[in-house]
Amino acid sequence: MRHDVRRFFGTTIVYISNQNGGVLENYDAKLMPARVQIWDAIYALHTGEMAGTPGRCLTVVVGLSLLVLIALGLSLYFLRRARAHRRKDPTDAA
């Protein structure tokens, strides 16, 4: 449906009877309570579905930047640890 925030796996569901073809249940995302609509919007924003292709690209860029920040943080930690270890080395004093 056009009004679904989640584009790929939308939240509107229609259950059809296999015996007579009638509509058994209609789960329309537009008519759901506000808390359900907000939760669906948060999930769509988190996965990048809300903005289509640009949203997916932004999600990938944010994920890669987090990996880069983790790698830089670990490298700084190990560099500072190695420097502190060299300063405390008793063989340098002799």
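Predicted model only: the values in this text are computed from it and were never measured.

Calculation notes
Residues numbered from 1 in each chain as written. Predicted model: local features only at pLDDT ≥ 70, side-chain atom pairs only at ≥ 80, totals over all residues. Heavy atoms only, no water. Helix = DSSP H or I, 4+ residues; strand = E, 2+ residues; numbered from the N terminus. Buried < 20%, exposed > 50% of the residue type's maximum accessible area, 1.4 Å probe, protein only. Contact = heavy atoms within 4.5 Å. Areas by Shrake-Rupley, 256 points an atom, 1.4 Å probe, with all protein chains shown as cover. Patch = residues over 30% accessible without salt bridge, like charges linked within 9 Å, V, L, I, M, F, W, Y side chains within 5 Å. Salt bridge = Lys/Arg side-chain N within 4 Å of Asp/Glu carboxyl O. Pairing = 2+ DSSP bridges. Phe/Tyr/Trp six-rings, centres within 6.5 Å; stacked < 30°, edge-to-face > 60°. Polar contact = N/O pair within 3.5 Å; in protein donor to acceptor, adjacent residues only side chain to side chain. Expected span 1.5 Å × (residues − 1). Arc of directions from axis to C-beta.

A. Region of interest: the overall build of the chain. Each helix and strand counted, the chain has 2 helices and 2 strands in total. Ordered by position from the N terminus, the helices and strands of the chain form the series β-β-α-α. Taken across its 94 residues, the chain has 15% of its residues classed as buried. Taking contacts inside the chain between residues at least 6 apart in sequence as the whole, the part at least 24 apart equals 29%. For the chain, the accessible surface area stands at approximately 8200 Å², while carbon and sulfur atoms represent 65% of it.

B. Quick look at a nonpolar patch on the surface. On the surface, Val60, Leu64, Leu67, Ile70, Leu74, Tyr77 and Phe78 cluster together into a nonpolar patch covering about 720 Å² of accessible area. You can see Leu74 is positioned in helix α2 (residues 52-87).

C. The arrangement of the pairing of strand β1 (residues 13-16) in detail. Relative to strand β2 (residues 23-27), β1 runs antiparallel, the two being bridged by 4 bridges. If you follow Val14 over to β2, its bridge partner there is Asn26. In this antiparallel pair of consecutive strands, β1 and β2, the connection spans 6 residues, and Gly21 shows a positive phi of 80°.

D. The packing of aromatic side chains, seen in detail. One pass over the structure, following the stated rule, counts 1 aromatic pair. Here the aromatic rings of Tyr77 and Phe78 are separated by 5.1 Å at their centres, their planes lie at 70°, and the arrangement is edge-to-face. Judged by relative accessible area, Tyr77 falls into the partly exposed class, the value being 46%.

E. Molecular detail of the side chain of Thr47. Within the fold, Thr47 resides in helix α1 (residues 34-47). You can call Thr47 buried: its relative accessible area is 18%. Looking at Thr47, its side chain comes within polar contact range of the main-chain oxygen of Ala44, at 3.4 Å. Residues contacting Thr47, with those up to four places away along its chain left out, are Arg56 and Thr59.

F. Quick look at α1. The first and last C-alpha atoms of α1 sit 20 Å apart over 14 residues, in line with the 20 Å expected at 1.5 Å per residue. Those residues of α1 that sit buried are Val36, Asp40, Ala44 and Thr47. Taken around the axis of α1, the buried residues stretch over an arc of 70°, which confines them to a single face. Of the exposed residues in α1, the ones pointing more than 90 degrees away from its buried face are Ala34, Arg35, Ile38, Leu45 and His46. Those residues of α1 that are buried are in contact with β2 and α2. Gly48, located one to two residues past α1, shows a positive phi value of around 85°.

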